[in-house]
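Here is how the chains run, residue by residue.
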Amino acid sequence: MIVLNDIKKDAEIDSYFQAINVFLGEMGAIVHDYEHSITVAENSKLIMESLGYPPRETQLAEIAGYLHDIGNVINRYDHGRVGGVLVFSFLLRMGMEPEEIAAVASAIGNHEEQTGSPVSSVAAAVIISDKADVHRARVRKTDFSAFTTRDRVNYAVEDSRLKIDPKQRKITMELTIDIEISSVMEYFEIFLTRMILCRRAASHLGCEFELLINEARFL
Ligand SMILES: [Fe+2]
Ligand SMILES: [Fe+2]
């Protein structure tokens, strides 16, 4: 059975990760590095485990979380759906079963807010984990005057945490925002569609979604 460690050790996949960092660097886009992939993998595992999903489904969520942004090796736009197609080639080569590939590929193909839907528990876990990873360290630019609104909002986030309460079936995203840099309104302007997708994803997992910004409840 293919586990996350096999994916991490694979030279072909590793080359794609390195290329993505270079390509997105050229575009000045938000960082999509190993750290983001590992964070999304870990949080996907945390969500599935905490909510009592079976171990293999949890492992598949971890793999999908790690690979969710791999489509950026082709193009940043539509990287979710492109990534979903791309993983077939190497997961088949590695010997993963088709039904497991379907679970991983559909989660990857549904993680973007423009076209994604929580089509499964694995997809729902990946969506929430990806959208929760917003913070200052992901902004690549150093020249503040060149910041887009998205850069500024990311930069304003000093801390983001995900909490799962299995008893109350509640998933909470806790953000600390420096309002000198970006207002809470601006955060919503940029991230409202993501938060709505997170709420749908949480509901797929039988949970309520809560968003706390600077300790105040917004969703
Ligand atoms: Fe993505
Ligand atoms: Fe991502």
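Just above, that's the structure.
Note that this is a predicted model, so its numbers are computed, not measured.

### Quick look at the overall build of the protein chain
Assigned secondary structure in the protein chain consists of nine helices and four strands. In the protein chain, the order of α-helices and β-strands from amino to carboxyl end is α-α-α-α-α-α-α-α-β-β-α-β-β. At 17 Å, the protein chain has a C-alpha radius of gyration in line with the 17 Å of a compact globule built from 219 residues. When its C-alpha atoms are laid out on the principal axes, the protein chain stretches across 50 × 45 × 25 Å. The burial tally for the protein chain puts 40% of its 219 residues in the buried class. Contacts in the protein chain between residues at least 24 apart in sequence constitute 62% of all its contacts with a sequence separation of at least 6.

### Quick word on helix 5 (residues 79–93)
For helix 5, built from 15 residues, the straight-helix expectation of 21 Å at 1.5 Å per residue is met to within 8% by its first-to-last C-alpha distance of 21 Å. Along helix 5, the sharpest change in direction is near 25° and occurs at V87. For helix 5, the complete set of buried residues consists of H79, G80, G83, G84, L86, V87 and L91. Tucked inside the fold, the buried residues of helix 5 contact helix 4 (55–67) and helix 6 (98–109). Looking one or two residues past helix 5, G95 carries a phi angle of roughly 90°, positive in sign.

### What about the pairing of strand 1 (residues 157–165)?
Taken together, the eight bridges between strand 1 and strand 2 (residues 170–177) define a ladder with antiparallel strand orientation. Bridge pairing in strand 2 places I164 opposite I171. Where strand 1 folds back on strand 2, the antiparallel hairpin that results is connected by four residues, among which R169 adopts a positive phi of roughly 50°.

What counts and what doesn't
- Residues numbered from 1 in each chain as written.
- Chains lettered and ligands numbered in written order.
- Predicted model: local features only at pLDDT ≥ 70, side-chain atom pairs only at ≥ 80, totals over all residues.
- Helix = DSSP H or I, 4+ residues; strand = E, 2+ residues; numbered from the N terminus.
- Rg over C-alpha atoms; globule rule 2.2 N^0.38 Å.
- Buried ≥ 20, exposed ≤ 12 C-beta atoms within 10 Å, placed from the backbone.
- Contact = placed C-beta atoms within 7 Å.
- Expected span 1.5 Å × (residues − 1).
- Bend = angle between axes of the 7 residues up to and from the residue.
- Pairing = 2+ DSSP bridges.

Distances and angles like these do not, on their own, reveal function.
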